[in-house]
Amino acid sequence: MDPADVHIEPSWRKALSEEFEKPYFKIIKDKLLADKKAGYTIYPPGQLMFNAFARTPFDKVRVVILGQDPYHNPGEAMGLCFSVPKGTRIPPSLKNVFKEQVTDVQITIPDHGDLTSWATQGVFLMNAMLTVRHKSPGSHKSIGWQTFTDAVIKKLSDERENLIFLLWGRFAQSKSVLINQMKHHVLKAAHPSPLARNAFSGCKHFSITNKLLTKMNSDPIDWQLP
């Protein structure tokens, strides 16, 4: 895996150029290469590893949703947190996101879970770990990805203004220390996982986000998937 070999939108490539040259990033590359040589299947596929950075340019980010691990089953992970390709079973957490949107912003529940249309509107969908081994959740949590993605959050906090961060669950909320809350909006809720026993329900993050965007004279997000 080499950033030079994958599609990363130019404004991100410029913003993160120093990170790509740091020693820890070489360690990430070496560990991924070692896993592949050892016969492990890695998700998402290499060309989708930086999909969040390809779909939402650095200077076009308006909303940030943070995930934790990519999906670890075949054909699911696509480099956008919570998102799965069309034709793939919609995961339980994403189903709960859609249920909340039905009552909050009156969408019709879609028949797929591809969130690319959110990303192209400025919703940056980043997992804290950009890769995972097949059927092994959390397998890459300690190879250096969090150093990288923490730097991404800090870069957004430092160099942008009035971003809306949606932090769902304790893990995402732990990243709030990286965000300057004097210049950005941070909304917190339980994780949409069924394990949270419907605690995500009623958070109204989608309507609140659009109200904030409207106050900033920015177009609201169309949460309805095409």
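That block above? That's the structure.
Presented here is a report on the structure given in the accompanying data block. (Residues numbered from 1 in each chain as written. Predicted model: local features only at pLDDT ≥ 70, side-chain atom pairs only at ≥ 80, totals over all residues. Heavy atoms only, no water.)

## Things to note about the pattern of salt bridges
So, step 1. Per the stated rule, a full pass over the model turns up 7 salt bridges.
So, step 2. A salt bridge links D30 to K26, with the shortest nitrogen-to-oxygen separation between them at 2.9 Å. Of the two residues, D30 and K26 both sit in helix α3 (residues 23–37), 4 residues apart, roughly one turn of that helix.
So, step 3. Residue D30 is classed as partly exposed on the basis of its relative accessible area of 39%.
So, step 4. The shortest N-O distance in the salt bridge between K155 and E159 comes to 3.1 Å. With K155 and E159 both in helix α7 (residues 145–159), this residue pair falls 4 residues apart, about one helical turn. (Salt bridge = Lys/Arg side-chain N within 4 Å of Asp/Glu carboxyl O. Helix = DSSP H or I, 4+ residues; strand = E, 2+ residues; numbered from the N terminus. Buried < 20%, exposed > 50% of the residue type's maximum accessible area, 1.4 Å probe, protein only.)

## Quick word on the side chain of N210
So, step 1. Within the secondary structure, N210 is located in helix α9 (residues 205–215).
So, step 2. In this structure, N210 is in contact with P220, I221 and W223, ignoring residues within four places of it in sequence. (Contact = heavy atoms within 4.5 Å.)

## Some words on the state of the cysteines
Structurally, a disulfide amounts to a covalent bond that connects the sulfur atoms of two cysteines.
So, step 1. The final tally for this structure, using the stated rule, is 0 disulfides.
So, step 2. Cysteine C81 remains unbridged, with the sulfur of C203 as its closest cysteine sulfur at 14 Å.
So, step 3. The buried category is assigned to C81, whose relative accessible area is 0%.
So, step 4. Note on C203: relative accessible area 16%, which makes it buried. (Disulfide = S-S within 2.5 Å.)

## Considerations on the layout of surface pockets
So, step 1. Its volume calculated, the largest pocket comes out at about 760 Å³.
So, step 2. In this structure, the largest pocket is lined by 34 residues; those nearest its centre are Q68, D69, Y71, S93 and H191.
So, step 3. Every element with two or more residues in the lining of the largest pocket is listed here: β2 (63–67), α5 (92–105) and α8 (169–173).
So, step 4. Per element, the largest residue contribution to the lining of the largest pocket is 4 residues, and it comes from α8.
So, step 5. Counted by class, the lining of the largest pocket contains 19 nonpolar, 11 polar and 4 charged residues. (1 Å grid on protein atoms, 1.4 Å probe; cavity = no way out; pocket = protein on both sides within 12 Å on 5 of 7 lines; lining within 4 Å. Points joined across faces, edges and corners; volume = space filled by probe spheres on them. Nonpolar A, V, L, I, M, F, W, Y, C, P; charged D, E, K, R; others polar.)

## Looking at the sheet that holds β2
To summarise the sheet geometry, strands pair through backbone hydrogen bonds and adopt either a parallel or an antiparallel arrangement.
So, step 1. The parallel open sheet is built from 4 strands, whose spatial order is β3-β2-β5-β6. Looking along the sheet, the strands with just one partner apiece sit at the ends: β3 (123–127) and β6 (185–189). Averaged over all pairs of adjacent strands, the angle between their axes in this sheet comes to 20 degrees, without regard to strand direction.
So, step 2. Of the pairings in the sheet, the one linking strand β5 (residues 164–168) to β6 comprises 5 bridges and is parallel in character. Bridge assignment links W168 to a residue of β6, and that residue is A189.
So, step 3. Against the sheet, α7 contacts β2, β3 and β5, and its axis sits at roughly 155 degrees relative to β3. (Pairing = 2+ DSSP bridges. Axes fitted to C-alpha atoms, helices over the stretch in contact; angles between N-to-C directions.)

By themselves these figures say nothing about function.
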